[in-house]
Amino acid sequence: MKTEVYENYIALSEAVSDKIIETVKENPTAVLCLATGKTPVLAYELLVKKAASRKVSFSNCMFIQLDEWIGISPQTEGSCYDTLNRQLFKPLGISATQIILFNALTGNEDEECMKMNEAIKNLDGIDLMLVGVGKNGHIGFNEPGTDFGIGTHVSALQPATIESGLNKFPGVAITGKGFTLGLKNVLDAKLLLVAANGEAKADIIQQGMKGDITTDVPLSVVRRHANAIVMLDEEAASLLQ
Ligand code: GLP
C-alpha cells in the first residue's frame, strides 16, 4: 500500500480520474468497480471530460456495483445505481449489458450475493476498484466489525448509515440493510484506489492508516493490499504525521 497526498480536492480528483483513464487506456476491457458518495463526484466529472478529450473508450469495460441499499429500486433518485448512472454511465454512453447490478428488490438476498461473486469470478476479477471511506471507517457498506475474509454479503447498516439513507430517500422506507462487495473482494481487486478528502475524514484516516489493523476500522484492511493507493487531500491527511 502507498499513500499519495494532494494539495486539495481538485488535485486529488484530477489524480483519481487520471488513474482510471490510464487503466482503461492500457486495458480497454478492464473490469471496474466504482464507489458512489460525495468524494468521487468531481473525479467522475473530470473522467467524462478526459475520456472524450483523450479518446479513451469505456465501451468494452465492465462495471461491477460496489454496494446498494436493499429495498430501494435502481430508478429511485439517490440509489447507488442512479447516482453512477447520472454521473458516469449516461455521460460515458455505457450500455446496460456492461453493468452488473445488485437486484435490490430481490426476495432472495443470498442468491443475489452468490450471483455477484460468480460474476466477478467469471470476469476474472476486478481490475480497478475505487472506494471512499465512511466516517466510521466503512468501505462500501462494510461496517465496523465486518470480517476481512468475507465476500459479497448483506450488511446490517449502522445507525449513522441508516440516518444518511433516511436523508437521502425522504419518505421511502429504509430496510436497514445493504448489499455490498466484501472486504475479501476489496483485497482481491488488482488495483485498489481509496480516496478521501476534507478534515471530517482526517481522524478516521489516521486510525485506519496508523492504528491497529482491526475489523473495528474496516479501512485498516487496505494496509494488507499489495497494490493499493490511498489518495488523500491535505486536509484528510492532516493527522498522519
Ligand atoms: C457511503 C457509501 C460508500 C461511500 C462512503 C463515503 O455510505 N456506501 O460507498 O464511499 O459512504 O461517502 P462520502 O464520499 O460521501 O463521504
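Residues numbered from 1 in each chain as written. Predicted model: local features only at pLDDT ≥ 70, side-chain atom pairs only at ≥ 80, totals over all residues. Heavy atoms only, no water.

*Asks:* What should I look at first to understand the overall build of the protein chain in this one?
*Replies:* A count of helices and strands for the protein chain gives seven helices and 10 strands. A globule of 241 residues ought to have a C-alpha radius of gyration of about 18 Å, and the protein chain, at 17 Å, matches this closely. Its C-alpha atoms put the protein chain at 50 × 40 × 35 Å along the principal axes. Expressed as a percentage of contacts within the protein chain between residues at least 6 apart in sequence, the contacts between residues at least 24 apart total 80%. When the accessible surface of the protein chain is summed, it comes to about 10800 Å², and 50% of that surface belongs to carbon and sulfur atoms. (Helix = DSSP H or I, 4+ residues; strand = E, 2+ residues; numbered from the N terminus. Rg over C-alpha atoms; globule rule 2.2 N^0.38 Å. Contact = heavy atoms within 4.5 Å. Areas by Shrake-Rupley, 256 points an atom, 1.4 Å probe, with all protein chains shown as cover.)

*Asks:* Mind showing me how you'd approach a negative patch on the surface here?
*Replies:* Taken together, the side chains of Glu7, Glu199, Glu234 and Glu235 present a region of like negative charge at the surface. With respect to the element layout, Glu7 can be found in the loop between β1 (2-6) and α1 (9-26). (Patch = residues over 30% accessible without salt bridge, like charges linked within 9 Å, V, L, I, M, F, W, Y side chains within 5 Å. Salt bridge = Lys/Arg side-chain N within 4 Å of Asp/Glu carboxyl O. Lys, Arg positive; Asp, Glu negative; His and termini not counted. Charge placed at Lys NZ, Arg CZ, Asp CG, Glu CD.)

*Asks:* Help me understand the environment of Gly182, please; the structure alone is not making it clear to me.
*Replies:* Its place among the elements puts Gly182 in the loop between β8 (177-180) and α6 (183-188). By relative accessible area, which is 0% here, Gly182 ends up buried. Sequence-wise, Gly182 and Lys38 are 144 residues apart; in three dimensions their C-alpha atoms are separated by 21 Å. Setting aside its immediate chain neighbours within four residues, Gly182 contacts Asn142, Ile150, Gly151, Thr152 and His153. (Buried < 20%, exposed > 50% of the residue type's maximum accessible area, 1.4 Å probe, protein only.)

*Asks:* Even after reading the chapter, I still don't get the pattern of salt bridges, so can you show me in this structure?
*Replies:* When their charged atoms lie close together, side chains carrying opposite charge are able to pair. Under the counting rule described, the total for this entry stands at 11 salt bridges. As a salt-bridge pair, Asp18 and Lys50 come within 2.9 Å of each other at their nearest N and O atoms. One end of the pair, Asp18, is in helix α1; the other, Lys50, is in helix α2 (residues 41-53), with 32 residues separating them in the sequence. Overall, Lys50 belongs to the buried group, its relative accessible area being 8%.

*Asks:* Looking at this structure, how should I read the packing of α2 against helix α3 (residues 80-92)?
*Replies:* Relative to each other, α2 and α3 sit at 5°, their axes nearing to 10 Å. Classified by the angle between their axes, α2 and α3 sit roughly parallel to one another. Mapping the contact onto sequence places Val41, Tyr44, Leu47, Val48 and Ala51 in α2 and Leu84, Gln87, Leu88, Pro91 and Leu92 in α3. Broken down by class, the residue content of the contact of α2 with α3 amounts to nine nonpolar, one polar and no charged. (Axes fitted to C-alpha atoms, helices over the stretch in contact; angles between N-to-C directions. Parallel < 35°, antiparallel > 145°, perpendicular 65-115°, else oblique. Nonpolar A, V, L, I, M, F, W, Y, C, P; charged D, E, K, R; others polar.)

*Asks:* Any chance you could explain the layout of surface pockets here in plain terms?
*Replies:* Gaps left between atoms are located by rolling a probe of water-molecule size over the structure's atoms. By volume, the largest pocket is sized at about 940 Å³. At the level of secondary structure, the elements contributing two or more residues to the lining of the largest pocket comprise β4 (67-69), α3 and α5 (159-168). Split into classes, the residues belonging to the lining of the largest pocket amount to 11 nonpolar, 15 polar and six charged. (1 Å grid on protein atoms, 1.4 Å probe; cavity = no way out; pocket = protein on both sides within 12 Å on 5 of 7 lines; lining within 4 Å. Points joined across faces, edges and corners; volume = space filled by probe spheres on them.)

*Asks:* Would you explain the sheet that holds β8 in this entry?
*Replies:* One key point about sheets: their strands pair by backbone hydrogen bonds, in either a parallel or an antiparallel sense. The three strands are arranged β4-β8-β7 in an open sheet whose pairing can be described as antiparallel. The open sheet has two edge strands with one neighbour each: β4 and β7 (153-156). Taking each pair of neighbouring strands and ignoring which way they run, the sheet shows an average axis angle of 30°. Judged from the four bridges that link them, β7 and β8 form a sheet pairing that is antiparallel. Counted as the bridge partner of Ala156 is Lys177 from β8. Against the sheet, helix α4 (residues 109-122) engages β7 and β8, with an angle of about 20° to β8. (Pairing = 2+ DSSP bridges.)

*Asks:* Got a minute to help me understand the side chain of Thr146 in this structure?
*Replies:* The topology assignment puts Thr146 in the loop between β6 (128-131) and β7. Here the side chain of Thr146 touches Glu143 through a polar contact of 2.5 Å, landing on its backbone oxygen. Dropping the residues within four chain positions of it, Thr146 is found in contact with His153, Leu183 and Thr215. (Polar contact = N/O pair within 3.5 Å; in protein donor to acceptor, adjacent residues only side chain to side chain.)

*Asks:* Could you clarify how one ought to interpret the packing of α1 against α2 in this entry?
*Replies:* If you want to describe how two helices pack, look at the angle between their axes and the distance between the axes. In the contact formed by α1 and α2, the axes pass within 8 Å of each other and the chain directions differ by 50°. Viewed along their axes, α1 and α2 adopt a mutual orientation that is oblique. Seen along the crossing, α1 lies across α2 with a hand that is right-handed. Contacts from Tyr9, Ile10, Ser13, Glu14, Val16, Ser17, Asp18, Ile20 and Ile21 of α1 reach α2 at Val41, Leu42, Ala43, Leu46, Leu47, Lys50 and Ala51. (Left-handed = near helix turned anticlockwise from the far one by under 90°.)

Geometry only, nothing functional implied.
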